[in-house]
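# Fold and geometry: a report
One-letter residues, chain by chain:
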Amino acid sequence: MNEGEHRVEAWRALLLAHNSAVRAIESDVQRNGRIPLTWYDVLLELRAGGERGLRMQEVAERVVLSRTRVSRLVDEMARLGLVSKRPDPMDKRVTWAVITEDGLAALRETAPVYLRGIWEHFARHLSDDEADVIAKALLRVAQAHTDISVS
């Protein structure tokens, strides 16, 4: 296999691993009666946004969903009281999303199942050295394509 083929195979392996691990984790989360994984990811980002929250555009940039999908998702989460949406007083085109106390509770309830799933369906299959190499390499790729600081 030549150098280019190794890189294409790495891409294929990334997609296969991501797909299978996320499906398995989503199944674990649903089986345990928790919020959907996509909601968890949105709530996690909103919690990181602090009391001010995030602009809807920022939410869309931070989660792996289309802007339209994020908008619908946040609207649904707001109807259920997990998120509040507020217009920006300075720029009427901007809407802020903020995690609520109910959203924080849902995040806390789901976290143990999610973290167990990450271990079971991903991390336990890697040595510490492999996990380190994968994390560094994928963060380098992510940072090459975004202005958002990846930590």
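Description of the structure in this document. (Residues numbered from 1 in each chain as written. Predicted model: local features only at pLDDT ≥ 70, side-chain atom pairs only at ≥ 80, totals over all residues. Heavy atoms only, no water.)

Further remarks concern the sheet that holds strand S1 (residues 54-55). Strand order in the open sheet formed by three strands is S1-S3-S2, and the pairing between neighbours is antiparallel. If you trace the sheet from one side to the other, it starts and ends with S1 and strand S2 (83-87), each paired once. Direction of pairing for S2 relative to strand S3 (residues 95-99): antiparallel, over a ladder of five bridges. When the bridges of S3 are listed, Pro-87 appears paired with Thr-95. Across the sheet, helix H2 (residues 37-48) touches S1, S2 and S3, and the angle it forms with S3 is around 100 degrees. (Pairing = 2+ DSSP bridges. Helix = DSSP H or I, 4+ residues; strand = E, 2+ residues; numbered from the N terminus. Contact = heavy atoms within 4.5 Å. Axes fitted to C-alpha atoms, helices over the stretch in contact; angles between N-to-C directions.)

Take the packing of aromatic side chains next. Taken as a whole and judged by the stated rule, the model has one aromatic pair. When the centroid spacing of 4.5 Å and the interplanar angle of 75 degrees are considered together, the rings of Tyr-40 and Tyr-114 count as edge-to-face. Of this pair, Tyr-40 sits in helix H2 while Tyr-114 sits in helix H5 (residues 101-121), and the two are 74 residues apart along the sequence. With respect to class, Tyr-40 is no different from Tyr-114; both count as buried. (Phe/Tyr/Trp six-rings, centres within 6.5 Å; stacked < 30°, edge-to-face > 60°. Buried < 20%, exposed > 50% of the residue type's maximum accessible area, 1.4 Å probe, protein only.)

Turning to the pattern of salt bridges, a few remarks are in order. Summed over all chains, the structure comprises eight salt bridges. In this structure, the salt-bridge partner of Lys-85 is Asp-75, at a minimum N-O distance of 2.4 Å. Of this pair, Lys-85 sits in strand S2 while Asp-75 sits in helix H4 (residues 67-79); the two residues are ten residues apart in sequence, bridging distant segments of the chain. According to the relative accessible area criterion, Asp-75 is partly exposed, its value standing at 28%. (Salt bridge = Lys/Arg side-chain N within 4 Å of Asp/Glu carboxyl O.)

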